[in-house]
Amino acid sequence: MDCIFCKIIEGKIPSYKVYEDENVFAFLDITQGTKGHTLIIPKEHIKNVYDLTEGMAENIFKVVPKIAKALKTAFNPIGINIISNNEKPLQSVFHFHIHLVPRYENDGMELSTVNNYGKFSEEYFMTLVKDIKENL
Ligand code: 5GP
Ligand code: ZN
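Now for a quick tour of the structure. As the structure is a computational prediction, the values presented were derived from the model and not from experiment. (Residues numbered from 1 in each chain as written. Chains lettered and ligands numbered in written order. Predicted model: local features only at pLDDT ≥ 70, side-chain atom pairs only at ≥ 80, totals over all residues. Heavy atoms only, no water.)

### Section: the environment of Met-126
Where we set the bar: Secondary structure follows DSSP: runs of H or I at least 4 residues long count as helices, runs of E at least 2 residues long count as strands, and numbering of each begins at the N terminus. Relative accessible area decides the class of each residue, using a 1.4 Å probe on protein chains only: under 20% of the type maximum gives buried, over 50% gives exposed, and in between gives partly exposed.
Mapped onto the elements of the fold, Met-126 is located in helix H4 (residues 122-133). According to the relative accessible area criterion, Met-126 is exposed, its value standing at 53%. A sequence separation of 26 residues divides Met-126 from Leu-100, and the C-alpha atoms of the two residues are 33 Å apart.

### What about the pattern of salt bridges?
Heads up, the rule is: Salt bridge, as used here: a side-chain nitrogen of Lys or Arg that lies within 4 Å of a carboxyl oxygen of Asp or Glu.
For the structure shown, the criterion picks out seven salt bridges. With its nearest N and O atoms 2.8 Å apart, the salt bridge here joins Lys-7 to Asp-2. Judged by its relative accessible area of 26%, Lys-7 is partly exposed. Accessibility expressed as a relative area gives 72% for Asp-2, which makes it exposed. For the salt bridge of Lys-12 with Glu-10, the shortest nitrogen-to-oxygen distance reads 2.8 Å. For the pair shown, Lys-12 and Glu-10 are each scored as exposed. When salt bridges that share partners are traced, they join Lys-17, Glu-20 and Lys-43 into one network.

### Topic: the nonpolar core
Soluble globular proteins tend to pack their nonpolar side chains together in the buried interior. Rule in force here: The set of buried Ala, Val, Leu, Ile, Met, Phe, Trp, Tyr and Cys residues whose side-chain atoms join them within 4.5 Å is what this entry labels a nonpolar core. By definition in these notes, contact holds between two residues if any of their heavy atoms fall within 4.5 Å.
Counting residues in hydrophobic clusters, the biggest one holds 17 residues, and the most contacted among them are Ile-40, Leu-52, Ile-60, Ile-67, Ile-98 and Leu-100. Among the elements that take part in this core, helix H3 (residues 63-75) stands out by supplying five residues, more than any other. When near neighbours in sequence (up to four residues on either side) are disregarded, Ile-40 contacts Val-24, Phe-25, Ala-26, Ile-60, Val-63, Val-64, Ile-67, Phe-96, His-97, Ile-98 and Leu-100. Cys-3, Cys-6, Ile-41 and Val-93 belong to the second largest nonpolar core, which has ten residues in total.

### Section: the site of ligand 1
Using the following cut-off: Residues are classed as near a molecule or strand on a simple rule: at least one heavy atom within 4 Å of it. By the criterion applied in these results, polar contacts are pairs of N or O atoms within 3.5 Å in which, for protein atoms, one can donate a hydrogen and the other can accept it, and in which residues neighboring in sequence qualify only through two side-chain atoms. In this classification, the charged set is Asp, Glu, Lys and Arg, the nonpolar set is Ala, Val, Leu, Ile, Met, Phe, Trp, Tyr, Cys and Pro, and all remaining amino acids, among them Gly, are polar.
Of all residues adjacent to ligand 1, which total 16 residues, the nearest are Asp-29, Asn-85, Ser-92, His-97 and His-99. In this structure, a nitrogen atom belonging to ligand 1 sits 2.9 Å away from a main-chain N or O atom of Leu-28. Asp-29 places a polar side-chain atom, nitrogen or oxygen, 2.5 Å from an oxygen atom of ligand 1. At the level of elements, helix H1 (4-10) and strand S2 (24-28) are the ones that each hand at least two residues to the shell around ligand 1. In terms of residue count, H1 provides more of the shell around ligand 1 than any other element does, three residues in total. In the shell around ligand 1, the residues fall into nine nonpolar, six polar and one charged.

What follows is the structure in structure tokens.
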């Protein structure tokens, strides 16, 4: 499997590991978008969120607060973004991962959603709910 994150888990490519357990591996993102930018990945190779089982999700997401709190204590950020990019062109490494991005004043990061508040009718919202629930 030609996957850079699998190679990191196997130790074939070096990484700055911050956490490891039976199912999960976490290490510093090489780009350090902000101080402490960390990636959490499952040891099992899966492409993205669409391949994540509930059991794997439990294993991965239970590590998120542990590392978030460590980053908070270590670096005293003003907050933290938790991001996962899934599918091209959002995703660049096709081994599922969660970014933990501690945020600081004037850190240059632009991560905010578009605010369309007030633009849509109640009917539209109800249609969205129906479309989603039909597919759960
Ligand atoms: P994506 O764009 O798929 O959401 O995020 C992939 C992330 O993996 C990027 O933030 C990138 O910096 C990081 N990355 C890619 N290759 C390596 C590597 O070899 N080592 C580390 N530590 N991070 C990497
Ligand atoms: Zn992989």
